[in-house]
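Structural description and commentary
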Amino acid sequence: MNPVRVCVVGIGRAGMVHATNFKNNVPGASLAAVVDADLELAEERAKDLGVDLFFSDIFQALDRAEIDAICITTPTFTHAEIAIAAAKAEVHIFCEKPMALTVKEAEEMIQAARKAGVILQMGFMRRFDPAFRVARERIEGGEIGSPMLVRSLTRGPGLPPRWACDLRTSNGMLAEVNSHDFDTIRWLVGSEFERIYAEANTLKCFDLKEEFPDFYDNAIVSLRLKNGTLGMIEGSCPVDYGYDARAEVLGSEGVILIGELQDTAVVSCTKSTGLVASNFPGWRERFREAYIAEARHFVECIIEGKEPKVTGEDGKRALEGVLAANKSIQSGVPVSLGGS
Ligand SMILES: NC(=O)c1ccc[n+]([C@@H]2O[C@H](COP(=O)([O-])OP(=O)(O)OC[C@H]3O[C@@H](n4cnc5c(N)ncnc54)[C@H](O)[C@@H]3O)[C@@H](O)[C@H]2O)c1
């Protein structure tokens, strides 16, 4: 069988992770081309990756390269246009979180993929991480009874790219860093957001606050799910000490903790240093296996014609949560979410 030919669009930080995986770690896939608005970067990265074809926009790639699927790793405000162009060309879509800037864009992406009969998978890789996956299975199996409280936090080590500091192009830290927590909570508990209240502040990056008036670098979100479960999301970026992604679900009959600061079981202890353990320097290291597993799942779904485990609808629901939280930050009051 011919390999699924993947084109990675946006060959920055996340793009390189996915391009490397599609090239080396995904059976049944080949990396056919890369696209970046910065053509010099596209050329340089194509050379590093051993790919012949590189372009400066998705339209050229769809026109001139033979591709079956794209992986969207561009800034959030470009996702919808790229995904819709791919769908029109009957090309399958893997899209990094956050799905889009607005719910309208997300809905247009879902519609376009549905109409063209192509797969639209969202990049919520935590669902493919062994710890998060096992926790979900145990919760679903009733091990901790019915969920009562759920907490999820993400703290990033360094500042994201500049476009992600501007709420107008990214929806801010809650979108860029904490989209995963919004998805994790609804996935772990199996219910949708009913009401969200959020507080945010700039407590570290005062220069960015001057440049981008809506910028914040710390946030707390309290929420209520439709099944009555109460939840909390915490975000902070940059924290400098490393990447930190943890969650906890308290049920009527027990508790499940997911994730830890330490990345291996190796701990040393000397008189001068005390206990020393290593932590995760960044998201690439913490979720290395999960990025590979989600890419494999995407290609498997294309080959077998299956619905992906993480859909555009999931991307839209997480985005609704982020937007409600930002609205609450701006208005100072809780925001109710509609729908079922
Ligand atoms: N799942 C994760 O853990 C994870 C981690 C990091 C980033 N991301 C997501 O990946 C996406 C990209 O983030 P990043 O940190 O890699 O950003 P980045 O700024 O490092 O890279 C984005 C690249 O896209 C290029 N670009 C911009 N507009 C373009 C366009 N219209 N067409 C083609 N190329 C274009 C830029 O030149 C840049 O090289 C975002 O949605 C982000 O949230 C996800």
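It should be noted that the structure appears before, not after, this text.
Let me sum up the structure you'll find in this document. Please read these numbers as outputs of a predicted model, since none were measured by experiment. (Residues numbered from 1 in each chain as written. Predicted model: local features only at pLDDT ≥ 70, side-chain atom pairs only at ≥ 80, totals over all residues. Heavy atoms only, no water.)

Let us look at the sheet that holds strand 2 (residues 29-35). Strand order across the open sheet formed by six strands is 3-2-1-4-5-6, with parallel pairing between neighbours. In this open sheet, the two strands that pair with only one neighbour each are strand 3 (53-55) and strand 6 (120-122). Sheet twist, expressed as the average angle between the axes of neighbouring strands with direction ignored, equals 25°. The pairing of strand 1 (residues 4-9) with strand 2 spans six bridges and is classified as parallel. Of the residues in strand 2, the one forming a bridge with C7 is A33. Relative to strand 3, helix 2 (residues 39-49) is tilted by about 160°, and along the sheet it contacts strand 2 and strand 3. Along the sheet, helix 12 (residues 288-304) contacts strand 1, strand 2, strand 4 (69-72), strand 5 (92-95) and strand 6; its crossing angle with strand 5, the most-contacted strand, is approximately 160°. (Pairing = 2+ DSSP bridges. Helix = DSSP H or I, 4+ residues; strand = E, 2+ residues; numbered from the N terminus. Axes fitted to C-alpha atoms, helices over the stretch in contact; angles between N-to-C directions. Contact = heavy atoms within 4.5 Å.)

Take S152: it is sitting in strand 7 (residues 147-155). Separated by 2.6 Å, the side chains of S152 and D181 make a polar contact. When sequence neighbours within four positions are dropped, the list of residues in contact with S152 reads D181, T184, I185, M232, I233, E234, R246 and A247. (Polar contact = N/O pair within 3.5 Å; in protein donor to acceptor, adjacent residues only side chain to side chain.)

Our focus in this paragraph is the site of the ligand. Taken together, 25 residues lie around the ligand, and R13, A14, D36, K97 and Y291 are the ones closest in. Here an oxygen atom of the ligand and a side-chain polar atom of D36 are 2.6 Å apart. Between the ligand and the protein, one listed contact pairs a nitrogen atom with a side-chain N or O atom of E96 at 3.0 Å. In the complex, the protein chains occlude 86% of the 840 Å² of accessible area that the ligand would expose alone. (Near = heavy atom within 4 Å. Areas by Shrake-Rupley, 256 points an atom, 1.4 Å probe, with all protein chains shown as cover.)

Overall, the coordinates contain two cavities of 30 Å³ or more when judged by the stated rule. Of the pockets and cavities examined, the largest cavity occupies roughly 60 Å³. As for the largest cavity, its lining consists of P160, A164, C165, G172, M173, V177, F215, Y216, D217 and C237. Of the voids in this model, the second largest cavity is the one considered here, and its volume is about 40 Å³. Looking at the second largest cavity, the residues that line it are E192, F193, R317, E320, L337 and G338. (1 Å grid on protein atoms, 1.4 Å probe; cavity = no way out; pocket = protein on both sides within 12 Å on 5 of 7 lines; lining within 4 Å. Points joined across faces, edges and corners; volume = space filled by probe spheres on them.)

A word on the packing of aromatic side chains. In total, this model carries six aromatic pairs according to the counting rule given. Consider the rings of F94 and F298, whose centres lie 5.7 Å apart with planes at 65°: the pair is edge-to-face. Of the two residues, F94 sits in strand 5 while F298 sits in helix 12, which places them 204 residues apart along the sequence. This pair shows no difference in class: F94 is buried, exactly as F298 is. With 6.2 Å between their ring centres and 50° between their planes, F132 and F287 make a pair best called tilted. (Phe/Tyr/Trp six-rings, centres within 6.5 Å; stacked < 30°, edge-to-face > 60°. Buried < 20%, exposed > 50% of the residue type's maximum accessible area, 1.4 Å probe, protein only.)

Relative to the assigned elements, V103 resides in helix 5 (residues 103-116). In sequence terms V103 and E320 are 217 residues apart; their C-alpha atoms lie 6.8 Å from each other. If we ignore the near neighbours within four places in the chain, the residues touching V103 are K316, L319, E320 and L323.

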